[in-house]
Amino acid sequence: MHEGGNGDAHRDDAPALRRGVDQEFLSLERELTVLLRRARASQGEMAREVHPDLESAAYGLLVRLEECGRQRATELAGYIGVGKATMSRQLRALEELGLVTREPDPADGRAWLVDLTPEGRGRVGKVREARRARYVNQLAHWDRGEVAELARLLQQLNRGTER
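What counts as what
Residues numbered from 1 in each chain as written. Predicted model: local features only at pLDDT ≥ 70, side-chain atom pairs only at ≥ 80, totals over all residues. Heavy atoms only, no water. Phe/Tyr/Trp six-rings, centres within 6.5 Å; stacked < 30°, edge-to-face > 60°. Lys NZ or Arg CZ within 6 Å of the ring centre and 35° of its normal. Patch = residues over 30% accessible without salt bridge, like charges linked within 9 Å, V, L, I, M, F, W, Y side chains within 5 Å. Areas by Shrake-Rupley, 256 points an atom, 1.4 Å probe, with all protein chains shown as cover. Salt bridge = Lys/Arg side-chain N within 4 Å of Asp/Glu carboxyl O. Helix = DSSP H or I, 4+ residues; strand = E, 2+ residues; numbered from the N terminus. Buried < 20%, exposed > 50% of the residue type's maximum accessible area, 1.4 Å probe, protein only. Expected span 1.5 Å × (residues − 1). Arc of directions from axis to C-beta. Contact = heavy atoms within 4.5 Å. 1 Å grid on protein atoms, 1.4 Å probe; cavity = no way out; pocket = protein on both sides within 12 Å on 5 of 7 lines; lining within 4 Å. Points joined across faces, edges and corners; volume = space filled by probe spheres on them. Pairing = 2+ DSSP bridges. Axes fitted to C-alpha atoms, helices over the stretch in contact; angles between N-to-C directions. Core = buried A, V, L, I, M, F, W, Y, C linked by side-chain atoms within 4.5 Å.

Q: Requested: an account of the packing of aromatic side chains, with residues and values cited.
A: Going through the model one piece at a time under the given rule, you end up with zero aromatic pairs. One Lys or Arg, arginine 64, reaches over the ring of tyrosine 79 and ends 3.7 Å from the middle of that ring. Between the NZ or CZ atom of arginine 102 and the centre of the ring of tryptophan 112, over which it lies, the distance is 6.0 Å.

As structure tokens, this is what we get:
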């Protein structure tokens, strides 16, 4: 056993390396696991800051609506990677909390357009601003170019893993 860069102990990687797995990909998997675990916990906290009854998974919908404006429910489902039934359930819950509205799409009466309410926009904006302030504080010792490069690489990774 030895310590990784994230402070988590892990097994000797020699057997995996002998099977032809590159060390870089083992390190990537390890670090992404830690990052995603922390991100899930953070998303839950941010969801509760928006509204105490907000499900963690619904926070991403609110962020998407804040960034892109009103969208069809099917577009949101595709972006988030969930089915129509899951999306309908989440949107119903968000509507009941007063965070989103749904209205018929004038271009297609069978579809719905979803948008943040003014209350939802204010709450999401406040939480996102606080999160950005935490990032600024946590990465204050980083060069701005490094922050930009990390954002670029994460965007490249996200685009490469879209469904």
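Q: Could you give an account of a nonpolar patch on the surface, naming the residues involved and the relevant values?
A: There is a patch of nonpolar side chains on the surface, built from Leu35, Trp142, Val147, Leu150, Leu154 and Leu157 and spanning about 440 Å² of accessible area. The biggest single contributor to the nonpolar patch is helix α7 (residues 144-160), with four residues. By secondary structure assignment, the location of leucine 35 is in helix α2 (residues 23-50). On the basis of relative accessible area, leucine 35 is assigned to the partly exposed category, the value being 45%.

Q: Tell me what's going on with helix α5 (residues 84-96), and back it up with residues and numbers.
A: Over its 13 residues, α5 extends 18 Å from the first C-alpha to the last, a length consistent with the 18 Å expected when each residue adds 1.5 Å. Those residues of α5 that fall on the buried side of the exposure criterion are Met87, Gln90, Leu91 and Leu94. Relative to the axis of α5, the buried residues are bounded by an arc of 100° and lie together on one face. Exposed and facing more than 90 degrees away from the buried side of α5 are Ala85 and Glu96. Lining the buried residues of α5 we find α3 (59-68), α4 (73-80), β4 (100-105) and β5 (108-116). Looking one or two places after α5, you find glycine 98, whose phi comes out positive at around 80°.

Q: Would you mind going over the layout of surface pockets in detail, with residue names and values included?
A: The computed volume of the largest pocket comes to approximately 2,800 Å³. Lining of the largest pocket is provided by 50 residues; of these, Leu35, Ala39, Tyr135, Leu154 and Asn158 occupy positions nearest its centre. Looking at the lining of the largest pocket, the elements with two or more residues in it are α2, α3, α4, α6 (118-138) and α7.

Q: Let's hear about the sheet that holds strand β3 (residues 71-72): which residues, and what values?
A: Read from one edge of the open sheet, three strands run β3-β5-β4, paired in antiparallel fashion. The strands lining the two open edges of the sheet, one partner per strand, are β3 and β4. The pairing of β4 with β5 spans six bridges and is classified as antiparallel. By the bridge assignment, threonine 101 is partnered in β5 with aspartate 115. Helix-sheet contacts for α5 involve β4 and β5, and the interaxial angle to β4 is about 120°.

Q: An account of the pattern of salt bridges is requested, with residue identities and associated values reported.
A: Going through the model one piece at a time under the given rule, you end up with 12 salt bridges. The salt bridge involving aspartate 108 is made with arginine 110; its shortest N-O contact spans 3.1 Å. Residue aspartate 108 is classed as buried on the basis of its relative accessible area of 18%. The partner of arginine 123 in a salt bridge is glutamate 119, and the shortest N-O contact between them spans 2.5 Å. In this pair, arginine 123 and glutamate 119 are both assigned in helix α6, four residues apart and thus about one turn of the helix distant. The partly exposed category is assigned to glutamate 119, whose relative accessible area is 43%.

Q: Describe α3, with residues and values.
A: Listed as buried for α3 are Tyr59, Leu61, Leu62, Val63 and Leu65. Positive backbone phi, approximately 80°, marks glycine 69, located one or two places after α3.

Q: Explain the nonpolar core to me, and be specific about the residues and the numbers.
A: Ranked by internal contacts, the top residues of the largest apolar core, which has 22 residues, are Val50, Leu54, Leu62 and Leu94. Residues in contact with valine 50, not counting those within four places in the same chain, are Tyr59, Leu62, Leu99, Arg123, Val124 and Val127.

Everything listed here is a matter of coordinates, which is why it stays silent on function.
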